[in-house]
Amino acid sequence: MDRPVALTIAGSDPSGGAGIQADLKTFHQLGAYGTAVITALTAQNTQGVTGVHVVPAAFVAEQLETLLADVGIDAVKLGMLATAEIAETVGRFLAAEPLASAYSVLDPVMVATSGDRLVDEDATDAIRELLPLASVITPNVPEAAVLLGVEPAVDVPGLRVQAERLRSELGAQRVLLKGGHLGGEQAVDVWADEDGVREFTDERVDTKNTHGTGCTLSSALAALRPQLSDWPGTARITKFWLTSALTNGDRLEIGHGHGPVDHFTELNDTRGTQP
């Protein structure tokens, strides 16, 4: 098939491990042509965020209008939406053509790996309003808890309950709830859709190179879905690839904090598309 065109709507990370830099690397590595609309500039490295300069919502809209007037989009990844106004602006585009026909992945970015807050408090409610518009959402344990207004899950059964609540109570179409914060020898993510709840399990990678993991996973889903037959199979292959990218991250030696994963890890889908 023709190379799909993927769009990332996210913030910029100068260190290259997260945000639009990570998204564009991932798109390219997994066979998609990458485009980008920037929502915020950050001053950050592998050790933390020192500043955020938010792009005015009107200019985010202008970026989108200009891009979509010329370029067809097959898949879109939503990352850092720093303010309620930006989230609402992006939501209007996501609900209308041409983006309404594209595969869409919402990574509800709220807190960086370093613990730094990346969105203001008012943006949380606006992000909740986006959940039903996205094809799939990819929260981690703390983000799922914030969205639901509950305490974070402490085990896999808790993940399963919260993943289904994100669908039944907040209207998400599909949920990939990432369980990396739970610890343990196995890395368990929970998938929830109209067919029920299931678990994706792989060996946990013992590494400090986790900067941008959520950005990378969500952009990988967006890049791969137009090339594969279904969402659960895409999620399974994405998890396999990300596990390899985490493993390979140790050889990069980037920065002195939480280094990035290796976005140029080769895609290995020999384990098939069925979860």
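About the criteria used
Residues numbered from 1 in each chain as written. Predicted model: local features only at pLDDT ≥ 70, side-chain atom pairs only at ≥ 80, totals over all residues. Heavy atoms only, no water. UniProt positions renumbered as here; feature names shortened; annotations may be inferred. Axes fitted to C-alpha atoms, helices over the stretch in contact; angles between N-to-C directions. Helix = DSSP H or I, 4+ residues; strand = E, 2+ residues; numbered from the N terminus. Parallel < 35°, antiparallel > 145°, perpendicular 65-115°, else oblique. Left-handed = near helix turned anticlockwise from the far one by under 90°. Contact = heavy atoms within 4.5 Å. Buried < 20%, exposed > 50% of the residue type's maximum accessible area, 1.4 Å probe, protein only. Polar contact = N/O pair within 3.5 Å; in protein donor to acceptor, adjacent residues only side chain to side chain. Salt bridge = Lys/Arg side-chain N within 4 Å of Asp/Glu carboxyl O. Phe/Tyr/Trp six-rings, centres within 6.5 Å; stacked < 30°, edge-to-face > 60°. Lys NZ or Arg CZ within 6 Å of the ring centre and 35° of its normal. Core = buried A, V, L, I, M, F, W, Y, C linked by side-chain atoms within 4.5 Å.

Labelled according to an unreviewed UniProt entry, the protein chain appears under the name Bifunctional hydroxymethylpyrimidine kinase/phosphomethylpyrimidine kinase, originating from Enemella evansiae. Per UniProt, the protein chain carries the Function (unreviewed entry) text "Catalyzes the phosphorylation of hydroxymethylpyrimidine phosphate (HMP-P) to HMP-PP, and of HMP to HMP-P." Listed in UniProt under the heading Pathway (unreviewed entry), the comment for the protein chain reads: "Cofactor biosynthesis; thiamine diphosphate biosynthesis; 4-amino-2-methyl-5-diphosphomethylpyrimidine from 5-amino-1-(5-phospho-D-ribosyl)imidazole: step 3/3."

Novice: Tell me about the packing of helix α1 (residues 19-29) against helix α7 (residues 213-224), and name the residues and values.
Specialist: Relative orientation of the contacting elements α1 and α7 amounts to 40°, with a least axis distance of 9 Å. Looking at the two axes, α1 sits oblique to α7. Here α1 runs over α7; the crossing is right-handed. Facing α1, whose interface residues are Gly19, Ala22, Asp23, Thr26 and Phe27, α7 presents Cys215, Thr216, Ser219, Ala220, Ala222 and Ala223.

Novice: Run through helix α5 (residues 141-148), naming residues and quoting values.
Specialist: Two residues of an α-helix separated by three or four positions point the same way, owing to the 3.6 residues in each turn. Among the 8 residues of α5, 6 are classified as buried, and the element is accordingly described as predominantly covered. Looking only at α5, the buried set comprises Val141, Glu143, Ala144, Ala145, Leu147 and Leu148. On its buried face, α5 sits against α4 (121-130), α6 (156-168) and β7 (175-177). At the N-terminal end of α5, a side-chain oxygen is found 2.9 Å from the backbone nitrogen of Glu143, two or three residues along, and the residue is Asn140. At the exit of α5 stands Gly149, carrying a positive phi of roughly 70°.

Novice: An account of the pattern of salt bridges is requested, with residue identities and associated values reported.
Specialist: All told, the structure shown has 8 salt bridges when counted by the stated rule. A salt bridge links Asp23 to Lys77, with the shortest nitrogen-to-oxygen separation between them at 3.0 Å. Of this pair, Asp23 sits in helix α1 while Lys77 sits in strand β4 (residues 75-78); the two residues are 54 residues apart in sequence, bridging distant segments of the chain. Relative accessible area serves as the criterion here: at 0%, Asp23 is assigned to the buried category. The residue Lys178 makes a salt bridge to Asp107 at a minimum N-O spacing of 3.7 Å. Taken together, the residues Lys178 in the loop between β7 and β8 (186-193) and Asp107 in the loop between β5 (103-106) and α4 connect sequence positions 71 residues apart. Of the two residues examined, Lys178 and Asp107, each falls in the buried class.

Novice: Could you give an account of the packing of aromatic side chains, with specific residues and numbers?
Specialist: The geometry of an aromatic ring pair is captured by two quantities: the separation of the ring centres and the angle between the planes. The final tally for this structure, using the stated rule, is 2 aromatic pairs. Arranged with centres 5.9 Å apart and planes meeting at 85°, the rings of Tyr103 and Trp231 form a pair that is edge-to-face. Of this pair, Tyr103 sits in strand β5 while Trp231 sits in helix α8 (residues 231-248), and the two are 128 residues apart along the sequence. A relative accessible area of 30% places Tyr103 in the partly exposed class. One residue, Arg225, lies across the ring of Trp231, its end atom 5.5 Å from the ring centre.

Novice: Quick rundown of the nonpolar core? Include the residues and the values.
Specialist: The biggest cluster of nonpolar side chains holds 45 residues, and the ones touching the most others in it are Leu7, Ile9, Ile137 and Val175. Counting residues in hydrophobic clusters, the runner-up holds 24 residues, among them Val136, Leu176, Ala235 and Ala245.

Novice: Give a detailed account of the side chain of Thr207, specifying residues and quantitative values.
Specialist: Mapped onto the elements of the fold, Thr207 is located in the loop between β9 (196-203) and α7. You can call Thr207 buried: its relative accessible area is 17%. At a separation of 2.9 Å, a polar atom in the side chain of Thr207 contacts the main-chain amide nitrogen of Asn209. What Thr207 contacts, discounting residues up to four positions off in sequence, is Leu246 and Asp250.

Novice: Describe the environment of His263, listing the residues and the values that go with them.
Specialist: Relative to the helices and strands, His263 resides in the segment after α8. Distance from His263 to Thr26, taken between C-alpha atoms, is 5.8 Å for residues 237 residues apart in sequence. Ignoring sequence-local partners within four residues, the contact set of His263 consists of Gly16, Gly17, Ala22, Lys25, Thr26, Gln29, Thr216 and Trp241.

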